[in-house]
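Residues per chain are reported as follows:
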Amino acid sequence: MTTQEQEETRAAWNKIAAGYDEFVTPTYFGLGAEALRRAGLRPSMRFLDVAAGSGAVSIAAARLGAAVLSVDISPIMVERLKARARQEGLNLEARVMDGHALDLENDTFDMVGSEFGVMLFPDLPRGLSEMVRVTKPSGRVVVVAFGSPMKIEFFGFFIRAVQAAVPGFTGPPMDPLPLPFQIQDPEKLRQEMVNAGLKDVRVEETTEKMKYQSGKQLWDWVTNSNPIVGMMLGQLNLNEEQIAVIQQALDDLVRERAAGSGTAVLISPINIGIGTK
């Protein structure tokens, strides 16, 4: 990234960092722990979390007894991550760093991971190559990314709700795919990891179950999950009345899915790529 692009990216993530930490990070701990289990993380391993956000994978790794370094481009995310670690009495290090150019030595970590992080990089090959560079020989790299957007139920719910206020809305353009979905194809993820220098790469497809009790909860989750959402809504120039319509539509959709249980469970397809250096 250019310096300007880096600053714009940092500012965008700083803006939503508090909401991301409150609404999004807690929902990712289980998936993070599962990815680390599949990749074979063990206590005392040196683990690097790239584009760590406020720590869903980092905290999971530290809980397992790994020696964790977390890096993220957003200083506010890093501070939130440190606060989470302190609250749990976990010993981890967190630093502000751009994953496109890691300020770290070659062959340093037993495992390097990124959950919903490197998948957002404008230069994905460079991000993956940097992850591989700092991994020790025979160490592992693990990447967690969304599968097909057409099968991500929170995404579909959100588009349908926006259409209640803006009937002509069709969602973000899908050609080319938005960055969050650039490795939604398991074979594309596998090939990118191979191209980055990994061997024995496998991509395991799984699902994530997201639970929501209200449309407001879903609204808070989605709007704080990625700066792209705010940009998309900003382009629609929504007024307060339209936002209220969207939130009501979300509430109706959540209530319908909950079917009297009080909790709507929405499914997301997930790709977990694991390779060896």
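Details of the structure are given in the entry above.
Quick caveat: nothing in here was measured; it's all calculated off a predicted structure.

A. Broad picture of the packing of helix α5 (residues 153-165) against helix α9 (residues 240-258). Interaxial distance between α5 and α9 falls to 8 Å at its minimum, and their mutual angle equals 135°. If you check the angle between α5 and α9, you find them oblique. The two elements α5 and α9 meet at a crossing, and its hand is right-handed. For the pair α5 and α9, contact is made by Glu153, Phe157, Phe158, Arg160, Ala161, Val162, Ala164 and Ala165 and by Gln242, Val245, Ile246, Ala249, Leu250, Leu253, Val254 and Arg257, respectively.

B. How the structure looks around the sheet that holds strand β6 (residues 199-212). If you trace the seven strands from one edge of the open sheet to the other, you get β3-β2-β1-β4-β5-β7-β6, paired in mixed fashion. Both edges of this open sheet fall to β3 (92-96) and β6, since each of them pairs with a single strand only. In this sheet, adjacent strand axes meet at a mean angle of 20° when their direction is disregarded. Pairing geometry for β6 and strand β7 (residues 264-276), over 12 bridges, is antiparallel. The partner of tyrosine 212 across the bridge, within β7, is alanine 264. Sitting on the sheet, α9 is in contact with β6 and β7, with an inclination near 90° to β7.

C. Molecular detail of the pairing of strand β2 (residues 67-72). Of all six residues that make up β2, five are buried, and the element is covered over most of its length. In this sheet, β2 lies alongside strand β1 (residues 46-50) in parallel orientation, the contact comprising five bridges. If you follow leucine 48 over to β2, its bridge partner there is leucine 69. Between the parallel elements β1 and β2, the chain passes through helix α2 (residues 56-63) in a crossover that is right-handed. Relative to β3, β2 runs parallel, the two being bridged by five bridges. The residue bridging serine 70 from the neighbouring strand is alanine 94, located in β3. A crossover connection joins β2 to the parallel β3 through helix α3 (residues 75-88); in handedness this β-α-β unit is right-handed.

D. Seen up close, the environment of phenylalanine 109. Within the secondary structure layout, phenylalanine 109 lies in strand β4 (residues 109-115). Sequence-wise, phenylalanine 109 and arginine 133 are 24 residues apart; in three dimensions their C-alpha atoms are separated by 9.6 Å. For phenylalanine 109, the contacting residues outside a window of four places in its chain are Arg46, Phe47, Leu48, Leu69, Leu104, Val134, Thr135 and Lys136.

E. Quick look at the pattern of salt bridges. By the definition in use, this model includes 18 salt bridges. A salt bridge links arginine 80 to aspartate 21, with the shortest nitrogen-to-oxygen separation between them at 3.4 Å. Taken together, the positions of arginine 80 in helix α3 and aspartate 21 in helix α1 (residues 3-39) put the pair 59 residues apart, joining distant regions of the chain. One salt-bridge network, in which partners are shared between bridges, spans Glu34, Arg37, Arg38, Arg202 and Glu204.

F. Representation of the packing of aromatic side chains in the model. Summed over all chains, the structure comprises 10 aromatic pairs. Residues phenylalanine 155 and phenylalanine 181 carry aromatic rings whose centres are separated by 5.4 Å and whose planes lie at 65° to one another, so their mutual orientation is edge-to-face. Remark: phenylalanine 181 occurs in the loop between α5 and α6 (186-195) and phenylalanine 155 occurs in helix α5; sequence separation between them is 26 residues. Comparing phenylalanine 155 with phenylalanine 181 shows no difference in burial state: the two are buried. Feature note: the residues Tyr28, Phe116, Phe146, Phe154, Phe155, Phe181, Tyr212 and Trp221 constitute an aromatic cluster, connected by ring pairs.

G. Fine view of the nonpolar core. Phe47, Leu48, Val143, Phe146, Phe154, Phe158 and Leu218 are the most contacted members of the largest nonpolar core, which totals 96 residues. With 11 residues, α1 is the largest single contributor of residues to this core.

H. Structural detail: the environment of phenylalanine 181. Of the residues examined, phenylalanine 181 reaches a relative accessible area of 7% and is grouped as buried. In this structure the C-alpha to C-alpha distance between phenylalanine 181 and phenylalanine 169, which are 12 residues apart in sequence, comes to 19 Å. Those residues within four positions of phenylalanine 181 in sequence are excluded, and the remaining contacts are Phe146, Gly147, Pro149, Ile152, Phe155 and Met174.

I. Focus on the pairing of β4. The buried fraction of β4 is high, at six of seven residues. Here β1 runs beside β4; their pairing, made up of three bridges, is parallel. The residue bridging aspartate 49 from the neighbouring strand is glycine 113, located in β4. The parallel pair β4 and strand β5 (residues 135-146), bridged by helix α4 (residues 124-133), forms a crossover whose chirality is right-handed.

Rules behind the numbers
Sequence order as written defines residue numbering, which begins from 1 separately in each chain. For a predicted model such as this one, the threshold for reporting local features is a pLDDT of at least 70, and the threshold for listing and counting side-chain atom pairs is 80 or more; totals across whole chains, interfaces and linings nevertheless cover every residue. Excluded from the side-chain calculation are hydrogens and water; included are all heavy atoms of the structure. To get an axis, fit a line to the C-alpha atoms, keeping to the stretch in contact for a helix; angles then go from 0 to 180 degrees between the N-to-C directions. Secondary structure elements are taken from DSSP: a helix is a run of H or I of four residues or more, a strand is a run of E of two residues or more, and numbering for both begins at the N terminus. For classification purposes, angles smaller than 35 degrees are called roughly parallel, those larger than 145 roughly antiparallel, those between 65 and 115 roughly perpendicular, and all remaining angles oblique. Here is the rule for handedness: rotate from the far helix to the near one, and if that takes an anticlockwise turn smaller than a right angle the crossing is left-handed, while a clockwise turn gives right-handed. Any pair of residues with heavy atoms lying within 4.5 Å of one another is described as a contacting pair. When DSSP locates at least two bridges between a pair of strands, those strands are taken to pair. Buried, partly exposed and exposed residues are distinguished by accessible area as a fraction of the type maximum, computed with a 1.4 Å probe on protein chains only: under 20%, between the cut-offs, and over 50%, respectively. For the handedness criterion, the strands are oriented away from the viewer, and a crossover whose path from the first strand over the helix to the second runs clockwise is classed as right-handed. Between Lys or Arg on one side and Asp or Glu on the other, a salt bridge is scored when a side-chain nitrogen of the former is within 4 Å of a carboxyl oxygen of the latter. Each Phe, Tyr or Trp ring (for Trp, its six-membered ring) is paired with any other whose centre lies within 6.5 Å, and the angle between the two planes then decides the class: stacked below 30 degrees, edge-to-face above 60, tilted in between. For our purposes a nonpolar core is just a set of buried Ala, Val, Leu, Ile, Met, Phe, Trp, Tyr and Cys residues, chained together by side-chain atoms within 4.5 Å.

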